[in-house]
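Spelled out from the first residue to the last, the chains are:
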Amino acid sequence: QLQLVESGGGLVQPGGSLRLSCAASGLSLDYYSIGWFRQAPGTEREGVSCIRTRDSSTYYEDSVQGRFTISRDHAKNTVYLQMNSLKHDDTAVYYCAAAPTYLTTVQAMCVMRSNIGYWGQGTQVTVSS
């Protein structure tokens, strides 16, 4: 059974940076796509960025394009989200999720949450001065 654990959240000033980690155990991420989602108080959960680990294809939500980068470390079975130029609107609980590689595209995973089978418990990111 695949388990996902997020870490790296915290308090950061506007314009600052954080790197979130999604560590997987139980199964290899070679067979999964991984996505980062976020949910702010009173809002719906939205897809931020997703990666298909088989070929490293990626998808980014428009508001984070050019600021966030998703990446994978095969040896550590971990996916990262590097977040730069953080804004107040980036404040949210960030979750990682996994879907079988051949059952979804990264766009479908991020936008429609297609075939997501596993969720982490989230890490809080707060952008404030």
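Above this text is the structure in question.
Structural notes, computed from the coordinates. Since this is a predicted model, take the numbers as computed values, not measurements.

One finds L4, W36, L81, M83 and Y94 to be the most contacted residues of the largest nonpolar core, which totals 28 residues. Of all the secondary structure elements, the ones that give two or more residues to this core are strand 3 (18-25), strand 4 (32-39), strand 5 (46-52), strand 7 (68-73), strand 8 (78-83), strand 9 (92-100) and strand 11 (123-127). Not counting residues up to four positions away in its chain, the partners in contact with Y94 are E6, L20, W36, F37, R38, V48, F68, L81, M83, G122, T123 and V125. In terms of nonpolar packing, the next biggest core, distinct from the first, is built from eight residues, C50, A99, V106 and I116 among them.

What follows deals with the sheet that holds strand 7. As summarised here, the arrangement of the four strands in space is 1-3-8-7, forming an open sheet in which the pairing is antiparallel. With partners counted over all chains shown, the strands left at the sheet margins are strand 1 (3-7) and strand 7, one partner each. In this sheet, neighbouring strand axes are inclined to one another by 15° on average, regardless of whether the strands run parallel or antiparallel. Here strand 7 pairs with strand 8 via six bridges, running antiparallel.

What follows concerns the pattern of salt bridges. Using the criterion set out here, one finds five salt bridges in the structure. R52 serves as the salt-bridge partner of D55, at 2.5 Å between the closest nitrogen and oxygen. Overall, the relative accessible area of 37% leaves D55 in the partly exposed class. The exposure class of R52 is buried, given its relative accessible area of 19%. A network of salt bridges, in which partner residues are shared, links R38, E46, R67 and D90.

Cut-offs applied
Note on numbering: residues in each chain are counted from 1, in written sequence order. Reporting of local features is limited, given that this is a predicted model, to residues whose pLDDT is at least 70; pairs of side-chain atoms are given and counted only at 80 or more, and all residues count toward the totals for whole chains, interfaces and linings. Working from all heavy atoms in the structure, the side-chain values ignore hydrogens and water. For the purposes of this section, nonpolar cores are sets of buried Ala, Val, Leu, Ile, Met, Phe, Trp, Tyr and Cys residues that join through side-chain atoms within 4.5 Å. Under the scheme applied here, a residue whose accessible area is under 20% of the maximum for its type counts as buried, over 50% as exposed, and between as partly exposed, the area being computed with a 1.4 Å probe on protein chains only. Helix numbering and strand numbering both begin at the N terminus, where a helix is a DSSP run of H or I of at least 4 residues and a strand a DSSP run of E of at least 2. By definition in these notes, contact holds between two residues if any of their heavy atoms fall within 4.5 Å. Strand pairing requires that DSSP identify at least two bridges connecting the strands. Lines are fitted to the C-alpha atoms to define the axes, a helix being fitted only along its stretch in contact, and any angle between axes, read from their N-to-C directions, falls within 0 to 180 degrees. The salt bridge definition used is simple: a Lys or Arg side-chain nitrogen within 4 Å of an Asp or Glu carboxyl oxygen.

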